[in-house]
Amino acid sequence: MLCSPFRSATASLGLGRRAASTIAQKYSKAVYSAALSKSPQTLSKVQSELNAISNVIKEVPDLNAFVSNPTLSAKDRSVGLAAIYSRAEGTKKEPVSDITKNLFGVLLENGRLGETQGVIEGFNELVAKYKGELEVVVTSATPLPRDLSSRLETILKQSQAAQQAKSLKISNKVNPSVLGGIVVDFGDKSIDLSVSSRVNKLNNVLQQSV
């Protein structure tokens, strides 16, 4: 049922754009440029570190609260960053690179730690583009059935963007708030076929009619 409108929407991938923080994009580009200027290996290392930090923030409530709290003292934030670095080092205890530390030092100094996840997402998009990868995130209220997932993958591979990419990576993200249908994100583009989107549009129409 979803595949027919989805097929036409993916033909050119020109439907809508996700709202991205301009501030986060600025930091993403800065750390990407700094890492790539060193070497492709450094770029990969920084990406691994940032993704580890992203996971740590998601998994540890205290650290998530830490980056989200702009009222903490500079001392408390320094202690919090040390905890994040320690977790990101993992069992191998490989020191976090200076580039990653410099990024978080600047975010801390400028009171922008709350932009952390947006910065990391933007960085990953830049790295994927550099490597010729196209990452597609399909968000649904419940996990997609295997048959529907396969049909979507087939359609996505036929899209212009996928054919221009060296590789295609598709993942399914579950978010009950979409109610039904799907939201498909291609880099900075988004195709919203969710029930929640249709409900919001209906509410707007009803409000305008009152």
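Summarised in this report is the structure supplied together with it. Keep in mind the model is a prediction, meaning the values are calculated, not measured.

Thresholds, definitions, all that
- Residues numbered from 1 in each chain as written.
- Predicted model: local features only at pLDDT ≥ 70, side-chain atom pairs only at ≥ 80, totals over all residues.
- Heavy atoms only, no water.
- Buried < 20%, exposed > 50% of the residue type's maximum accessible area, 1.4 Å probe, protein only.
- Helix = DSSP H or I, 4+ residues; strand = E, 2+ residues; numbered from the N terminus.
- Arc of directions from axis to C-beta.
- Contact = heavy atoms within 4.5 Å.
- Pairing = 2+ DSSP bridges.
- Expected span 1.5 Å × (residues − 1).

Some details on helix H4 (residues 61–68)
Argument step 1. Buried within H4 we find Leu-63, Phe-66 and Val-67. On an axial view of H4, the arc spanned by its buried residues comes to 90 degrees, and they lie on one face. Opposite the buried face of H4, by more than 90 degrees, sit the exposed residues Pro-61 and Ser-68.
Argument step 2. Residues of H4 that are buried in the fold lie against helix H3 (40–59) and helix H5 (74–89).

A closer look at the pairing of strand S1 (residues 133–140)
Argument step 1. Across eight bridges, S1 lies against strand S2 (residues 167–174) in parallel orientation. Along S2, the bridge assignment pairs Val-137 with Ser-171.
Argument step 2. Direction of pairing for S1 relative to strand S3 (residues 181–186): antiparallel, over a ladder of five bridges. In the sheet register, Thr-139 faces S3, and the bridge partner there is Val-183.

Here we look at helix H6 (residues 98–109)
Argument step 1. Between its first and last C-alpha atoms H6 spans 16 Å; for twelve residues at 1.5 Å apiece the expected length is 16 Å, and the two agree.
Argument step 2. Looking only at H6, the buried set comprises Ile-99, Thr-100, Leu-103, Phe-104, Leu-107 and Leu-108.
Argument step 3. Packing partners of the buried residues in H6 comprise helix H2 (22–38), H3, H5 and helix H7 (116–131).
Argument step 4. Phi for Gly-111, located one or two positions after H6, is positive at around 65 degrees.

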